[in-house]
Amino acid sequence: MGKKQVTVIHGPNLNMLGKREPGTYGSESLSEINDALRKKAREKNAEVDIFQSNHEGEIVEAIQGASGVCNALIINAAAYTHTSIALRDALLLLDVPVIEIHISNIFKREPFRHKSMISDVVTGQISGLGARGYLLAMDAVLEMIGA
Ligand code: DQA
């Protein structure tokens, strides 16, 4: 049996983690988070494919590309969470576990962040646990897919 594959997608402005509003998003950079995700997957002999984009259409294409390829998806759609029907429609292509993650607690913030366009089409959501939310999501999907 081939290796299980987990796709991780980071949305707009997450390339600025570490520098961006550290009081809200913490001091860890995206590459530190990605390294920790790769390490965790490696421990379970799984492969990780990580993608970041500031462009909605590129994220749609990354989800389309993951369809039929990945065994699970972890996505922080960032600001597109609150606006993007296109991302929601793309996620509906997937029939594997999908975890929506937010570093901050979106429900504790401005009202426009309380609505997620994707939360009812994903398997589960992690919000407000900081960057460790990504690692918890990785633990969860690795277990779900039997890696
Ligand atoms: C975020 C929350 C979003 O509201 C925001 O637009 C982001 C990051 C988070 O990880 O907490 O860019 O998804």
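Not measured: the values here are computed from a predicted model.

Chemist: What is the right way to read helix H2 (residues 30-43) from this model?
Modeler: Since the α-helix advances by 3.6 residues per turn, residues separated by three or four positions end up pointing in the same direction. Relative to the 20 Å expected for 14 residues at 1.5 Å per residue, H2 spans 20 Å between its end C-alpha atoms, a close match to the ideal helical length. For H2, every residue scored as buried is listed here: Leu-30, Ile-33, Asn-34, Leu-37 and Ala-41. Looking straight down H2, one finds that the buried residues subtend no more than 95° of arc, so they occupy a single side. Among the exposed residues of H2, those pointing more than 90 degrees away from its buried face are Lys-39, Arg-42 and Glu-43. Contacts made by the buried residues of H2 are with strand S1 (5-10), strand S2 (47-52) and helix H5 (132-144). Once H2 ends, the next one or two residues include Asn-45, with phi positive near 60°.

Chemist: How do you make sense of the nonpolar core when you look at a structure like this?
Modeler: A general trend in soluble globular proteins is that nonpolar side chains are found buried together. Counting residues in each nonpolar core, the largest one holds 25 residues, and the members touching the most others are Val-6, Val-8, Leu-17, Ile-74, Tyr-134, Met-138 and Val-141. Of all the secondary-structure elements, those providing two or more residues to this core are S1, H2, strand S3 (72-76), strand S4 (98-102) and H5. Per element, the largest residue contribution to this core is five residues, and it comes from H5. Apart from residues lying up to four places away in sequence, Tyr-134 is in contact with His-10, Leu-14, Ile-33, Leu-37, Ile-74, Asn-76, Ile-101 and Ile-103. Residues Cys-70, Leu-91, Val-98 and Val-121 belong to the second largest nonpolar core, which totals 19 residues.

Chemist: I tried to follow the packing of H2 against H5 on my own but got confused; where do I start?
Modeler: Axis angle and axis distance: for two packed helices, these are the angle between their axes and the distance between the axes, and together they describe the pair. Between H2 and H5, the shortest axis-to-axis distance is 10 Å and the interhelical angle comes to 25°. Our classification of the angle between H2 and H5 gives roughly parallel. For the pair H2 and H5, the sense of crossing is right-handed. From H2, Ile-33, Ala-36, Leu-37, Lys-40 and Ala-41 reach across to H5, where they touch Tyr-134, Leu-135, Met-138, Asp-139 and Leu-142. Grouping the amino acids of the contact of H2 with H5 by side-chain chemistry returns eight nonpolar, no polar and two charged.

Chemist: Please clarify how unusual backbone geometry should be interpreted in this entry.
Modeler: Note: most residues except glycine have negative phi, and most peptide bonds are trans. For Asn-45, which is not a glycine, the phi torsion comes out positive at approximately 60°. Secondary-structure assignment places Asn-45 in the loop between H2 and S2. Unusually for a residue other than glycine, Ala-78 sits at a positive phi of about 50°.

Chemist: What should I look at first to understand the side chain of His-10 in this one?
Modeler: Mapped onto the fold, His-10 is located in strand S1. Within the structure, the side chain of His-10 is placed 2.8 Å from the side chain of Asn-34, a separation counted as a polar contact. Among the polar contacts listed, one links the side chain of His-10 to the side chain of Tyr-134, at a separation of 3.1 Å. Leave out the neighbours within four places in its chain, and His-10 touches Leu-30, Asn-34, Ile-50, Phe-51, Gln-52, Ser-53, Asn-76 and Tyr-134.

Chemist: Help me out: how do you make sense of the pairing of S1 in this one?
Modeler: Counting buried positions along S1 yields six of six residues, so the element is predominantly enclosed. Taking every second residue as pointing to the same face, both faces of S1 are buried, with Gln-5, Thr-7 and Ile-9 on one and Val-6, Val-8 and His-10 on the other.

Chemist: What am I meant to see in the site of the ligand here?
Modeler: Residues in close proximity to the ligand include Arg-20, Tyr-25, Asn-76, Ala-78, Ala-79, His-82, His-102, Ile-103, Ser-104, Ile-106, Arg-109 and Arg-113, which together make up its full environment. Here an oxygen atom of the ligand and a side-chain polar atom of Asn-76 are 2.8 Å apart. In isolation the ligand offers 320 Å² of accessible surface; the protein chains occlude 99% of this area. Of the residues that constitute the shell around the ligand, the class distribution is five nonpolar, four polar and three charged.

The rules behind these values
- Residues numbered from 1 in each chain as written.
- Predicted model: local features only at pLDDT ≥ 70, side-chain atom pairs only at ≥ 80, totals over all residues.
- Heavy atoms only, no water.
- Helix = DSSP H or I, 4+ residues; strand = E, 2+ residues; numbered from the N terminus.
- Expected span 1.5 Å × (residues − 1).
- Buried < 20%, exposed > 50% of the residue type's maximum accessible area, 1.4 Å probe, protein only.
- Arc of directions from axis to C-beta.
- Contact = heavy atoms within 4.5 Å.
- Core = buried A, V, L, I, M, F, W, Y, C linked by side-chain atoms within 4.5 Å.
- Axes fitted to C-alpha atoms, helices over the stretch in contact; angles between N-to-C directions.
- Parallel < 35°, antiparallel > 145°, perpendicular 65-115°, else oblique.
- Left-handed = near helix turned anticlockwise from the far one by under 90°.
- Nonpolar A, V, L, I, M, F, W, Y, C, P; charged D, E, K, R; others polar.
- Polar contact = N/O pair within 3.5 Å; in protein donor to acceptor, adjacent residues only side chain to side chain.
- Near = heavy atom within 4 Å.
- Areas by Shrake-Rupley, 256 points an atom, 1.4 Å probe, with all protein chains shown as cover.

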